[in-house]
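Structural characterization, general
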Amino acid sequence: MAEQTHVLFVEDDDVIREATQLALERDGFVVTAMPDGLSGLEAFRSNRPDIALLDVMVPGLDGVSLCRRIRDESTVPVIMLSARADSIDVVLGLEAGADDYVTKPFDGAVLVARIRAVLRRFGHASGPRSATGSEDVSSGAVGGVLSFGEGELEIDTEGMEVRRNGTPVALTPTEMRLLLEFSSAPGTVLSRDKLLERVWDYGWGGDTRVVDVHVQRLRTKIGQDRIETVRGFGYKLKA
């Protein structure tokens, strides 16, 4: 029998917490549910879950701060739960290191689908796809290593490692997949919708703020001018 996925769920509303826990358990997940951020952090450190669902507004240690603390210690996937789609808390959560977010109230099936989508991309690290969707790596790769900017940026597509000026760069799995997508077609403009489809595995329309915040986070790590914004179209990696 396959090992069950362990979910850490931090939510202060008793009704939502209990109902969501039951729904996730019916879908085969093991759930550790906590009512506040401090107990959530303790549970994370004790149980090392496979994924964390964090409500933004929880007492003790809010969800954004908890996400930041988790990200300081781990690259485990994090999904934020927010009561408002237009809330600044969504952006703050993504900037803190969350990989995705779901707006409350949410349908249980949608939440499960989003969890499975995140887990699929975290479990898949077989290299970038080309702009046509194939698994071929750019012809500029030498021994699985892509080089940009006269060696300033190096991407090892086999070892899943990135170096900037020879120094290792720590990326989350989502940031790595985003960079691999760009590096598979350097100089080619990729739309936000296309990146949502390929990196976040969205088979439906999604919030493009997820893409924008992750691109900005990636820029701070590999160089602000390495990824160009093409207004009205999307982004491209400098060839």
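Remember, predicted model here, so these are calculated numbers, not experimental data.

With that settled, consider the overall build of the protein. For the protein, the count of helices and strands is eight helices and 11 strands. Scored against the burial criterion, the 239 residues of the protein give a buried share of 47%.

Take the pattern of salt bridges next. Scanning all chains against the criterion turns up 17 salt bridges. Ionic pairing is found between Arg198 and Glu181, a salt bridge with its closest N-O pair at 3.2 Å. Of this pair, Arg198 sits in helix 7 (residues 192-199) while Glu181 is found in helix 6 (residues 173-183), placing the two residues 17 residues apart along the sequence. For the residue pair Arg198 and Glu181, the accessibility class agrees, reading buried in each case.

Another aspect to go through is unusual backbone geometry. A cis amide bond links Lys104 to the next residue, Pro105, at an omega of -5 degrees. Phi angles above zero are rare outside glycine, and Met160 is one such case at about 55 degrees. Position of Met160 among the secondary structure elements: in the loop between strand 7 (153-156) and strand 8 (161-164).

Across four bridges, strand 6 (residues 145-148) lies against strand 7 in antiparallel orientation. For Ser147, the partnering residue across the bridge sits in strand 7 and is Glu154. What sits between strand 6 and strand 7 in their antiparallel hairpin is a turn of four residues, with Gly149 showing a positive phi close to 65 degrees. One ladder, built from four bridges, connects strand 7 with strand 8; its direction is antiparallel. Residue Leu153 lies in a different strand from strand 8, and its bridge partner there is Arg164. Adjacent in sequence and paired antiparallel, strand 7 and strand 8 are bridged by four residues, among which Met160 carries a positive phi angle near 55 degrees.

What follows deals with the sheet that holds strand 1 (residues 6-10). Strands pair in a sheet through their backbones, by hydrogen bonds, and they do so in one of two ways: parallel or antiparallel. What the five strands build is an open sheet, ordered 2-1-3-4-5; its pairing is parallel. Since the sheet does not close on itself, it has two edges, and those belong to strand 2 (30-34) and strand 5 (100-103), each with one partner. Within the sheet, the average angular offset between the axes of one strand and its neighbour, ignoring direction, is 20 degrees. For strand 4 (residues 78-82) and strand 5, the ladder comprises four bridges, and the chain directions are parallel. Counted as the bridge partner of Ile79 is Asp100 from strand 5. Running at roughly 165 degrees to strand 1, helix 2 (residues 37-47) makes contact with strand 1 and strand 2 of the sheet.

Among the residues making up helix 2, those that are buried are Gly37, Ser39, Gly40, Leu41, Ala43 and Phe44. Arg48 occupies a position one or two residues after helix 2 and carries a positive phi of about 45 degrees.

At a closest axis distance of 9 Å, the pairing of helix 4 (residues 88-95) and helix 8 (residues 209-222) adopts a crossing angle of 35 degrees. Here helix 4 runs over helix 8; the crossing is right-handed. Contact with helix 4, carried on its side by Val90, Val91, Leu94 and Glu95, involves Arg209, Val210, Val213, His214 and Arg217 of helix 8 and no other residues of that element. The residue makeup of the contact of helix 4 with helix 8, split by class, is five nonpolar, one polar and three charged.

Among the nonpolar cores identified, the biggest contains 50 residues, and Leu54, Met80, Ile155 and Phe182 are the most heavily contacted of them. When residues of this core are assigned to their parent elements, the largest contribution, six residues, is made by helix 8. The contacts of Ile155, once residues within four sequence positions are left out, are Gly144, Val145, Leu146, Phe148, Glu161, Val162, Met176, Leu179, Leu180 and Ser183. By size, the runner-up hydrophobic cluster in this structure holds 16 residues, among which are Val31, Val102, Val118 and Phe122.

Attention shifts here to the confidence of the model for the protein. On average, residues of the protein score 86 in pLDDT, and 87% of them reach the 70 mark or higher. The low-confidence segment residues 124-142, where pLDDT is below 50, has 39 contacts with residues more than four positions distant or belonging to other chains.

Attention now moves to the pairing of strand 11 (residues 234-237). On any regular strand, side chains alternate: one points to one face of the sheet, the next to the other face. Pairing between strand 10 (residues 227-230) and strand 11: four bridges, direction antiparallel. Counterpart to Ile227 in the pairing with strand 11 is Leu237. Where strand 10 hands over to strand 11, the hairpin turn is made up of three residues, of which Gly232 adopts a positive phi near 85 degrees.

Conventions we followed
Residues numbered from 1 in each chain as written. Predicted model: local features only at pLDDT ≥ 70, side-chain atom pairs only at ≥ 80, totals over all residues. Heavy atoms only, no water. Helix = DSSP H or I, 4+ residues; strand = E, 2+ residues; numbered from the N terminus. Buried < 20%, exposed > 50% of the residue type's maximum accessible area, 1.4 Å probe, protein only. Salt bridge = Lys/Arg side-chain N within 4 Å of Asp/Glu carboxyl O. Pairing = 2+ DSSP bridges. Axes fitted to C-alpha atoms, helices over the stretch in contact; angles between N-to-C directions. Contact = heavy atoms within 4.5 Å. Left-handed = near helix turned anticlockwise from the far one by under 90°. Nonpolar A, V, L, I, M, F, W, Y, C, P; charged D, E, K, R; others polar. Core = buried A, V, L, I, M, F, W, Y, C linked by side-chain atoms within 4.5 Å. pLDDT = per-residue confidence, 0-100.

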